Amino acid sequence: MAETTETTGGGAPETMGGHAPVTMGGHAPVERYNPYTGRRVVAGVDDAVPTAAQLGLEPPRFCEACGRRMVVQISPDGWWAKCSRHGVFDSICGVRR
């Protein structure tokens, strides 16, 4: 008798106990970090976000991609934050420069 494996919508086999980790282009699993605390984001675990950050008054201090501390410059019209690995992010466009 042949053993069958269920597949998810993308055709990848489903692993026991949950879904396979998210990957980008077949590379290692993608990890995200909290931009205000620097802790790794884990599904199902709440990470406290400071009240000032919830109100949009605090710029991110850590890179979401790698968790490294960023250099942050605050000015009257906004802020920019620079990760040594991933570049500059700013409050005006909200994306990497």
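In what follows, the structure referred to is the one given above.
Below: a short report on this structure. In this text the structure is predicted, and so the values were computed from the model without any measurement.

What follows covers the overall build of the protein chain. The helix and strand inventory of the protein chain stands at one helix and three strands. Listed N to C, the secondary structure of the protein chain is α-β-β-β in terms of helices and strands. Expressed as a percentage of its 97 residues, the buried residues of the protein chain come to 19%. Within the protein chain, contacts between residues separated by at least 24 positions form 17% of all contacts whose residues are at least 6 apart in sequence. In the form shown here, the protein chain has an accessible surface area of approximately 7700 Å², with 54% of it arising from carbon and sulfur atoms.

The next thing to look at is the pairing of strand S1 (residues 71-75). In this structure, S1 lies alongside strand S2 (residues 78-83), joined through five bridges in antiparallel fashion. Within S2, the residue paired with Ser-75 across the bridge is Gly-78.

Moving on, we get to the sheet that holds S1. Read across the sheet, three strands follow the order S1-S2-S3 without closing on themselves; strand pairing throughout is antiparallel. Whereas interior strands pair on both sides, the edge strands pair on one side only; in this sheet they are S1 and strand S3 (87-90). Pairs of neighbouring strands in the sheet enclose a mean axial angle of 15°, with direction left out of account.

On to the pairing of S3. With four bridges connecting them, S2 and S3 associate as antiparallel partners. Opposite Ala-81, over in S3, you have Phe-89 as the bridge partner. Where S2 folds back onto S3 in an antiparallel hairpin, the turn is made up of three residues.

Definitions and cut-offs
Residues numbered from 1 in each chain as written. Predicted model: local features only at pLDDT ≥ 70, side-chain atom pairs only at ≥ 80, totals over all residues. Heavy atoms only, no water. Helix = DSSP H or I, 4+ residues; strand = E, 2+ residues; numbered from the N terminus. Buried < 20%, exposed > 50% of the residue type's maximum accessible area, 1.4 Å probe, protein only. Contact = heavy atoms within 4.5 Å. Areas by Shrake-Rupley, 256 points an atom, 1.4 Å probe, with all protein chains shown as cover. Pairing = 2+ DSSP bridges. Axes fitted to C-alpha atoms, helices over the stretch in contact; angles between N-to-C directions.

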